[in-house]
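Here is how the chains run, residue by residue.
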Amino acid sequence: RLALLLLIFSLAGCAGERAFREGKSLLAEGRTEEGLTQLETAVKEEPNNIEFRTQLYRQRQLHIQKLLTQGDNARIAGHFSEAESWYLQALKFEDGNPRATNGLQAIEGGRRRAAMLTKAENLFKAGDMAGAEKLASGILGEEHANPGALEIKRKIDEKTWQDRNASSQLNS
């Protein structure tokens with residue numbers, strides 16, 4: 001009976017070691033999610049193995065950071081759907097990750113500001129300077145350096161100046 005228990009424990013150890021080696025190999029090949037799955041298997045097989053647990057934690061954190069960086073870059077470039085996808089992937093690995101959560105909130109704000117900007121541009125084209133100005137100011141209140149809103153404000157100022165100049169020439 002003792003021999004059977006020893007055999008079971010040694011096979012369990014072999015399964016953990018095999019999953020660990022396979023996980024590291026997959027990670028080296030760039031197959032991160034598959035590699036992490038294998039490392040998780042190794043940790044399940046040998047929950048007290050510090051090396052397995054440390055490697056899993058380290059690799060998971062590296063992967064999360066990569067996903068978050070991809071999300072941040074896409075969001076900054078205005079690619080909101082792509083950014084959302086990266087942040088959601090990060091949340092699969094670490095539920096409640098504050099950077100991913102904040103990124104998703106920033107995307108929501110970015111989409112709202114983009115819709116406001118489109119409306120402001122349409123109002124400007126329709127000649128509603130006051131409406132366009134109000135929306136552009138609202139955008140700038142949230143994001144003080146928004147290039148689209150700054151451009152609308154510049155166009156409004158230019159149009160206002162042209163209208164005043166034309167009016168003063170007619171009065172002369």
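Shown above is the structure to which this text applies.
Peer 1: What should I look at first to understand the overall build of the protein in this one?
Peer 2: Within the protein, the secondary structure is distributed over 7 helices and 0 strands. Sequence-ordered secondary structure for the protein, helices as α and strands as β, is α-α-α-α-α-α-α. Burial status across the protein gives 31% buried among its 172 residues. Counting contacts in the protein only where the partners sit at least 6 residues apart, residues at least 24 apart contribute 42% of the total.

Peer 1: Which parts of the structure should I look at to understand the packing of aromatic side chains?
Peer 2: When we look at a pair of aromatic rings, we describe it by the centre distance and by the angle of the planes. Summed over the entire model, instances satisfying the criterion amount to 1 aromatic pair. Summarising the aromatic geometry, the rings of F20 and F52 are spaced 4.4 Å apart at their centres and angled 20° between planes, so their arrangement reads as stacked. With F20 in helix 1 (residues 2-28) and F52 in helix 3 (residues 50-76), the pair connects residues that are 32 residues apart, well separated along the chain. Classification of F20 as buried rests on a relative accessible area of 4%. By relative accessible area, which is 0% here, F52 ends up buried.

Peer 1: Sorry, what's going on with the packing of helix 2 (residues 32-45) against helix 3 here?
Peer 2: Between two packed helices, the angle of one axis relative to the other and the distance separating the axes together describe the packing. Between helix 2 and helix 3, whose axes approach to 9 Å, the crossing angle comes to 155°. Our classification of the angle between helix 2 and helix 3 gives roughly antiparallel. Considering the relative orientation of helix 2 and helix 3, their crossing is left-handed. Where helix 2 abuts helix 3, its residues T32, E33, L36, L39, E40, A42 and V43 lie against F52, R53, Q55, L56, Q59, R60 and H63. Along the lines of polarity and charge, the residues of the contact of helix 2 with helix 3 split into 6 nonpolar, 4 polar and 4 charged.

Conventions and cut-offs
Residues numbered from 1 in each chain as written. Predicted model: local features only at pLDDT ≥ 70, side-chain atom pairs only at ≥ 80, totals over all residues. Heavy atoms only, no water. Helix = DSSP H or I, 4+ residues; strand = E, 2+ residues; numbered from the N terminus. Buried < 20%, exposed > 50% of the residue type's maximum accessible area, 1.4 Å probe, protein only. Contact = heavy atoms within 4.5 Å. Phe/Tyr/Trp six-rings, centres within 6.5 Å; stacked < 30°, edge-to-face > 60°. Axes fitted to C-alpha atoms, helices over the stretch in contact; angles between N-to-C directions. Parallel < 35°, antiparallel > 145°, perpendicular 65-115°, else oblique. Left-handed = near helix turned anticlockwise from the far one by under 90°. Nonpolar A, V, L, I, M, F, W, Y, C, P; charged D, E, K, R; others polar.

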